[in-house]
Every structure is written in structure tokens, then in C-alpha cells.
Amino acid sequence: MDAAHLAHAVPAAGTSLWTMLLVFMLSTFVGFAVVQNVSRLLHTPLMSLTNAISAIAVVASILIAGEELSTTSTILGSIAVAASMTNIVSGFLITDRMLKMFKEREPKK
Amino acid sequence: MNAALVGNLTHASYILAAGLFIFSLRWLSRPQTARRGVLAGVVGMGLAIVGTLLHPGISNYLWILVAASLGTMIGIPLSRVPLTAVPQRTALSHAFGGLAAGLVGTAKYMLWAGDGSITRFQSGVIAIEVLLGFLTFTGSLMAAGKLQEAIPTRPITFRGQNYFNFTLLGVAALCGIGLVVDPSLWPLFAVLCVLALVFGVMLILPIGGADMPTVISILNSYAGLAAVAMGFVMDNMLLVTAGALDGSSGFILSLIMCRAMNRSFTNVLFGAFGQVAVAQAAGEQKAVKSATPQDVCDMLENAARVVIVPGYGMAVAQAQHRVREVYDQLTKRGIDVKFAIHPVAGRMPGHMNVLLAEADIPYEALVEMDDINRDLPQTDVVLVVGANDVVNPAARHDQSSPIYGMPIIDADKAKLCVAIKRSMNPGFAGVDNELYSADNTLMLFGDAKAMLGEVAKALTGGGLGH
């Protein structure tokens, strides 16, 4: 029983770790590929946009805060939700605000 | 809804979100499609949040709602800061990202260690997550403070600084290893958190203003990696993907900034920055020629090609709108005006572009360093506005100069160079700029905004304008 349990548990955990590492590696390469094509004009908006995207940490924070497993974890999770939400809201809004300013030359009158 | 269906919906929302995030960055490659990228990011984020809220384990939505509202209330004003304050806002958002990672890691450790279910693997990745998260938190707060000038901007160095920092990091790493060996050793976890917080502060102490573009990019990368570590802890692929996108973006920006300053990546990574900033004793003052705004107006009017080199001084003086007035007057006369953008001009990557775009200067006029350098020998007048080290010819030939080897904008190769500057104080790197004493350079002393205003006024009054 014990051996069977182990045989089941170890590969499962192992698969998860290696799959995650694979996803990490592939995402990093995708990141390099797309970011290298970003115009240097837009490096400031790039930073605020990627910052808003990495505030996807909000999903982990929501789980910790919402599961209410202990008072401390609920409080820590809620602070994390607030911090991530700040980045989502301000990150997307300021990126759009900056991008609106980049204009092509007006046609000569 | 049954649990399996909800689980599938959540996973589907995560996969869609990951795809949208990639498109989001893809569309940012050109100004024409960039705003679509923001939309894709917002939709992806919305989907992921809805998918998460469906999770059956969530028993209380009140805390989430309160916290999310609070974040929104802080976020909206933060998105409306003046564009000159964008570097400190960015640093602050890296701090929030680091804080979220650190707190989630701490909460998970307490939960898992509390009920004894924690594995060595979980303990190890949590150690990485809180280390990255908390050092990004305090490091970015320090950076934001320096950028806001709430704390002294000059590099703070002391003897044995690097040894001290490496010892801190080494002890933190030992704590992490200890936690892998025995995950239940919670005092080690507490020490690790404190060390990470202290290390973040120590890392930024020796940083001066001109190194900020590199440092902000590195902190960006760390914030992304902290999110990746959080993904490993929470067993969440979307976090790993989004964090990796952020981390790789920050890494690429750091590399570009390092190259633009001729610093090696390791040199910057291991906190040796700021060493360059130790001011050298200034040599004997050479004679400089100064000009009046009217002189500058006459020279600009008689030019066919003009290149403007903006630097951090333009941002400090808020002079971008005056620059635009001069630009308008000159283009109205049929003079070709371009802007030469050095990658590390300003306090963060792309800083100058955003300020000039705010002043309604079309982005075709903003030219990268390598491209503009080809045109400079055929340029009649170069106007340097608040830039210093990035136009110092010493970087090309003076091996003893701290900025030797740094690629520069060849302002000295133009037929005439006009530099607007408050005084003859040396730039950040503490070196004299021989450009100012060159034969074909004229100095316009004064506040950049006021001086450009006078030049614009002279151009309006004296020529074909209106």
C-alpha cells in the first residue's frame, strides 16, 4: 500500500515540476522574441505594460485571501490583492495614456 | 455548476489569458498597434480574474472586494502622475509586485509549515520567492525614493560594502538551503525575510541617478522572476508564463542599458555600480564661449539641418514643451529637425521618447543614437538640452575617464554645437565635458526651460512666423 502510494505520488510531483520548468523556459524564449521586436520608442510603455501583466499575481493573492485558511494568511493575501490590483489599474491606465501621446507626423497643410 | 466544469473553465481562462499577454507584447512592437496591446492585456487579466473567482475553495469574497477596491483607489491616481514622474511610479509598481510575491510566499509557508504538509521542494521555492519578492520590494522603494528625491540621490558607499552585501546574500542563501533540508525550521524563514528586506536597501544605496535606467530594468526583471517563483509555489502555469514574460523583458532592457553604458552585466548585477561615480578632481578650467538666446536663434534660422539632444536636464527643467515650440518654429521654416535619443538618457528606458511624445513631437523625428550618428557630420547645429555624459567625447578617446568606452552621440562632429546648461558643474560621472570647451561649441547658460523659451520667442518675433 505504502509503496503503491509512493509510486503514484513521486512521478506526479515530478511531472509537475518538470512541466513547470518547461513552461518557464518556453515563456522566457517567447518573451525574448516578442520584446526584442518592441520599438525603442516604446520602452517606457513596455515596462509599465509588462508590470501590469506580471500583476497576474493577483490570482494567487485572491486564492490566499478567499480561502480564509487562517487569519494571518487572509490578511497577507488581502494586502497582496491590493498591491497587485494597484499595479493592474495603474499599469494599464498609464500605458494607454502614454501610448495615446505617440503620434505620427501630421500631414503638411 | 459542477466542480469539474468550473475547473476546466478556470484552466481555459488561464490559457486564453496567457495567449492574450503574448499578443499584448507583440502588438507593442509598433506605435500603430500598441494600444491594441493594452486592450489584449486588459481582456487577458479580466478573464484570469473571473476564472480565479470561480474557484470553489474561495469562501469569502468580502476581503477580496475590499482589497481590490483599495488597490483601484491607489492605482487610479498613480496612473495620472506627470510624465516626468513616470520613473518613480514604475519603481513603485515594482515594489508592489515584489511585496505581493513576498506576502503570498509568507502566507503559504505559514499555512503549509503550520499543518506540517510542507515538502522540501515547496519550502525551497518559497525561499526563492520571498527572497526575490522582499528584496525587490525594499530595493524598488529605495529607487523610487531616490527618483522622487525624497532620499539623497547621491551614491552612498562605505568601505567593504560589497563584502557586506555578499555576506548578507550568502547568509540568506544558507537560510534557504536550511529550509530545504528541514522545512519546519521557521526561524530560518523569518531570518531569510529580514535579510531579503535589508539586502534590497543595501543594493540600492550605492546607486546614483545616471545608473537608474539599468537598475530599474533589473528590478523589473526581479519582479518578474518573483512572480515566476510564486507560480511554482502555487502550482500555477499562468503565473509562470506572465512572470517569465516580465522577467525576460526586464532582462533585455537591462542588457540594452548595460551596453549603452559600456558596463558588463555582472558589474551591474553584483552591485558594484556607483563606483564610477566617485568624482575625480576637476582639471584646470578651459575657456568656454557663451552665447545669448538671440545668437542661438540666428544660428538656428540659418541652418538646414538641426539635431536636438535631450537629456535628464530637460526632464528636470520640464522643458519639453519649449523644445516643441522651437521645433515648430524651425520646421515651419523648412528646417529639418531631428532628436537624438541615447538609450540611457533620462532615468528609465525610453524616458525621453515619452516626454517628447507628450509635447506632441511626432515619433518619426525621434532617432536612435546609431542612426543619428551617421547624420551628425552633415548637421549644421546640434542643440544639447540637459544632456551631459552621453555627449562627452572623452568616452571615445580618454582611457582614464570613468565613462571611457561608453557609446555617445557625436555632438562634437556637427558643424556647430550649442549646449544649454545651468552652470559648468560636471555631470553625474564627475568628469569635465570637453565638448563644452571645443572650438565649435557655444554655451547657453541658464535654465533650459527659460532659455528655450527665449530662443522660441526670438524665432517667433524675428522670422517668418505668424
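Residues numbered from 1 in each chain as written. Chains lettered and ligands numbered in written order. Predicted model: local features only at pLDDT ≥ 70, side-chain atom pairs only at ≥ 80, totals over all residues.

Enquirer: So what exactly am I meant to see when it comes to the overall build of chain A here?
Expert: When its secondary structure is counted, chain A shows four helices and zero strands. Secondary structure elements of chain A occur, N-terminal to C-terminal, as α-α-α-α. Within chain A, the proportion of its 109 residues that are buried is 52%. Taking the contacts inside chain A whose residues are at least 6 apart along the sequence as the reference set, 58% of them involve residues at least 24 apart. (Helix = DSSP H or I, 4+ residues; strand = E, 2+ residues; numbered from the N terminus. Buried ≥ 20, exposed ≤ 12 C-beta atoms within 10 Å, placed from the backbone. Contact = placed C-beta atoms within 7 Å.)

Enquirer: Before we go on, may I ask you to explain the interface of chain B and chain A in this structure?
Expert: Think of interface size as the accessible area that goes away when the parts come together; that is how it is often given. The partner chain A presents 79 residues to the 94 residues of chain B that form the contact. Of all the secondary structure elements, the ones that give two or more residues to the side of chain B that touches chain A are α1 (3-27), α2 (34-53), α3 (62-78), α4 (86-114), α8 (212-234), α9 (237-261), α14 (351-358) and β3 (366-368) of chain B. The biggest single contributor to the side of chain B that touches chain A is α4(B), with 16 residues.

Enquirer: Any chance you could explain the sheet that holds β3(B) here in plain terms?
Expert: Pairing between the strands of a sheet is mediated by backbone hydrogen bonds and can be parallel or antiparallel. All names here are of chain B. Taken in spatial order, the six strands line up as β3-β2-β1-β4-β5-β6 in an open sheet, and their pairing is parallel. Since the sheet does not close on itself, it has two edges, and those belong to β3 and β6 (441-445), each with one partner. Taking the axes of each pair of neighbouring strands and ignoring which way they run, one obtains an average angle of 25 degrees across the sheet. As paired elements, strand β5 (residues 416-421) and β6 share five bridges and run parallel to each other. Bridging from a neighbouring strand, Ile 420 pairs with Leu 444 of β6. This element, helix α11 (residues 293-301), spans β1 (305-310), β4 (381-385), β5 and β6 of the sheet and lies at about 145 degrees to β5. Against the sheet, α14 makes contact with β1, β2 (336-341) and β3, and its axis sits at roughly 145 degrees relative to β2, the strand it touches most. (Pairing = 2+ DSSP bridges. Axes fitted to C-alpha atoms, helices over the stretch in contact; angles between N-to-C directions.)

Enquirer: Got a minute to help me understand the nonpolar core in this structure?
Expert: Taken as a class, soluble globular proteins show a tendency for nonpolar side chains to be buried jointly. If you look at the biggest cluster of nonpolar residues, it comprises 190 residues, and the most contacted ones within it are Ala57(A) and Val384(B). Element by element, the count of residues in this core is highest for α8(B), at 16 residues. With sequence-adjacent residues up to four places away left out, Ala57(A) is seen in contact with Ala80(A), Ser84(A), Gly97(B), Ala100(B), Ala101(B), Val104(B), Ala227(B), Met230(B) and Leu239(B). (Core = buried A, V, L, I, M, F, W, Y, C linked by C-beta atoms within 7 Å.)

Enquirer: What should I look at first to understand the domain arrangement of chain B in this one?
Expert: What the domain assignment lists for chain B is domain 1 (1-80), domain 2 (85-276) and domain 3 (293-462). Here domain 1 of chain B and domain 3 of chain B have C-alpha centroids that lie 42 Å from each other. (Domains from an automatic or database assignment.)

Enquirer: What should I look at first to understand helix α4 (residues 71-101) of chain A in this one?
Expert: Three or four residues apart is the spacing at which side chains of an α-helix point the same way, because the helix has 3.6 residues per turn. Taking 1.5 Å per residue, 31 residues should reach 45 Å; α4(A) reaches 45 Å between its end C-alpha atoms and fits that length. Across the 31 residues of α4(A), 23 count as buried, placing the element largely inside the fold. (Expected span 1.5 Å × (residues − 1).)

Enquirer: Before we go on, may I ask you to explain helix α5 (residues 120-147) of chain B in this structure?
Expert: Residue and element names in this part refer to chain B. For α5, built from 28 residues, the straight-helix expectation of 40 Å at 1.5 Å per residue is met to within 8% by its first-to-last C-alpha distance of 40 Å. Burial analysis of α5 places 24 of its 28 residues in the buried class, the great majority of the element. Just downstream of α5 lies Glu 149, where phi reads positive at about 60 degrees.

Enquirer: Teacher, can you tell me more about unusual backbone geometry here?
Expert: When glycine is set aside, most residues are seen to have a negative phi, and most peptide bonds are trans. Its identity is not glycine, yet Glu68(A) carries a phi of approximately 50 degrees, on the positive side. Here Glu68(A) is to be found in the loop between α3 (57-67) and α4. The backbone of Glu149(B) sits at a positive phi, close to 60 degrees, despite the residue not being glycine. Taking the number of C-beta atoms within 10 Å as the measure of exposure, Glu149(B) has 11 and is therefore exposed.

Enquirer: Help me out: how do you make sense of the environment of Ile308(B) in this one?
Expert: Residues and elements named next belong to chain B. Examined against the element boundaries, Ile 308 turns out to sit in strand β1. For the pair formed by Ile 308 and Val 384, sequence separation is 76 residues and the distance between their alpha carbons is 5.9 Å. Excluding its chain neighbours within four sequence positions, the residues that come into contact with Ile 308 are Val 323, Val 337, Phe 339, Leu 383 and Val 385.

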